[in-house]
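Descriptive structure summary
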Amino acid sequence: MEAIGAASGFVSGWPKLLLRVEGAALMAAALFYYAIAGGDWGRFALLFLVPDLSLLAYLAGPAPGAVVYNAAHTTIGPLAYGALGAALGQPVLLQLAAIHLAHIGFDRALGFGLKYGAAFSSTHLGRVGRSRG
C-alpha cells in the first residue's frame, strides 16, 4: 500500500509536521548557541537572510536554481564550517554557522523545503506559493 503523499514525491501528514517541528528545534538550538556564544545580534540580523541570495540562481532556470538553493539550504555546509571553526578555535565561524543553521531551521519550520528542479514551488515539503488557475 502506498503512503499518502508518496505518489506526489512530497512529505505529508505526521512526517511533514515532524520535519517542521524539527526545523523549529534547529532554529531554537542555533539561537541558543548564538546567545551563549555572545554573538552580535546586529550581525545576526544582517546575515540571517543571506542564504536566500541563492534564489538569484533561478534566473538561470529552475534546475540550476534548485541546485544552488539546495546547496545553501542544507545543514552540511554550516556544520562543516562550524566544525572547522571549532577545530581552529575560531568563534566567528561557529557563530556564522549558527546564523546559517537558524535560517535553515526557520525555513523548514515555515514549510519551505528543498527544491526539485521542475519548478521553484516544488519542494520536498510540498508546493509553496499560490496555486495557478
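This write-up is about the structure you can find in this document. Note that this is a predicted model, so its numbers are computed, not measured. (Residues numbered from 1 in each chain as written. Predicted model: local features only at pLDDT ≥ 70, side-chain atom pairs only at ≥ 80, totals over all residues. Heavy atoms only, no water.)

Details of a nonpolar patch on the surface
Among the surface-exposed residues, Val50, Leu53, Leu56 and Leu59 lie close enough to one another that they form a single nonpolar patch of about 440 Å² accessible area. Note on placement: Val50 falls in the loop between α2 (41-47) and α3 (62-72). In this structure Val50 comes out as partly exposed when scored by relative accessible area, which is 38%. (Patch = residues over 30% accessible without salt bridge, like charges linked within 9 Å, V, L, I, M, F, W, Y side chains within 5 Å. Areas by Shrake-Rupley, 256 points an atom, 1.4 Å probe, with all protein chains shown as cover. Salt bridge = Lys/Arg side-chain N within 4 Å of Asp/Glu carboxyl O. Helix = DSSP H or I, 4+ residues; strand = E, 2+ residues; numbered from the N terminus. Buried < 20%, exposed > 50% of the residue type's maximum accessible area, 1.4 Å probe, protein only.)

Digging into the packing of aromatic side chains
What the rule picks out here adds up to five aromatic pairs. Relative to Trp41, the ring of Tyr34 lies with its centre 4.9 Å away and its plane at 70°, an arrangement referred to as edge-to-face. Cluster of aromatic residues (ring-pair linked, three or more members): Tyr34, Trp41, Phe44, Phe48 and Phe106. Looking at Lys115, its charged tip hangs above the ring of Tyr69, at a distance of 4.7 Å from the centre. (Phe/Tyr/Trp six-rings, centres within 6.5 Å; stacked < 30°, edge-to-face > 60°. Lys NZ or Arg CZ within 6 Å of the ring centre and 35° of its normal.)

Describing the side chain of Asn70
Relative to the assigned elements, Asn70 resides in helix α3. Apart from the residues within four sequence positions on either side, Asn70 is in contact with Leu114 and Lys115. (Contact = heavy atoms within 4.5 Å.)

Topic: the nonpolar core
Ranked by size, the top nonpolar core spans nine residues in total: Met27, Ala30, Tyr34, Phe44, Phe48, Ala98, Ile99, Leu101 and Ala102. Looking at this core, the elements with two or more residues in it are α1 (13-36) and α5 (91-110). Counting residues per element, this core draws most heavily on α5, which supplies four residues. Discounting chain neighbours no more than four positions away, the residues touching Tyr34 are Gly39, Asp40, Trp41, Arg43, Phe44, Gln95, Ala98 and Ile99. (Core = buried A, V, L, I, M, F, W, Y, C linked by side-chain atoms within 4.5 Å.)

A word on the environment of Leu49
Relative to the assigned elements, Leu49 resides in the loop between α2 and α3. Its relative accessible area of 52% is what places Leu49 among the exposed residues. Separated by 51 residues in the primary sequence, Leu49 and His100 have C-alpha atoms spaced 8.5 Å apart.

Structural notes on the environment of Ala25
Relative to the assigned elements, Ala25 resides in helix α1. When the C-alpha atoms of Ala25 and Arg108 are compared, they prove to be 10.0 Å apart, with 83 residues separating the residues in sequence.

Digging into the packing of α1 against α5
Between α1 and α5, the shortest axis-to-axis distance is 7 Å and the interhelical angle comes to 155°. If you check the angle between α1 and α5, you find them roughly antiparallel. Both α1 and α5 take part in a crossing whose hand is left-handed. Where α1 abuts α5, its residues Leu19, Arg20, Gly23, Ala24, Leu26, Met27, Ala30, Tyr33 and Tyr34 lie against Leu94, Gln95, Ala98, Ile99, Leu101, Ala102, Ile104, Gly105, Phe106, Arg108, Ala109 and Leu110. (Axes fitted to C-alpha atoms, helices over the stretch in contact; angles between N-to-C directions. Parallel < 35°, antiparallel > 145°, perpendicular 65-115°, else oblique. Left-handed = near helix turned anticlockwise from the far one by under 90°.)

All quantities given are derived from atomic positions and should not be read as evidence of function.
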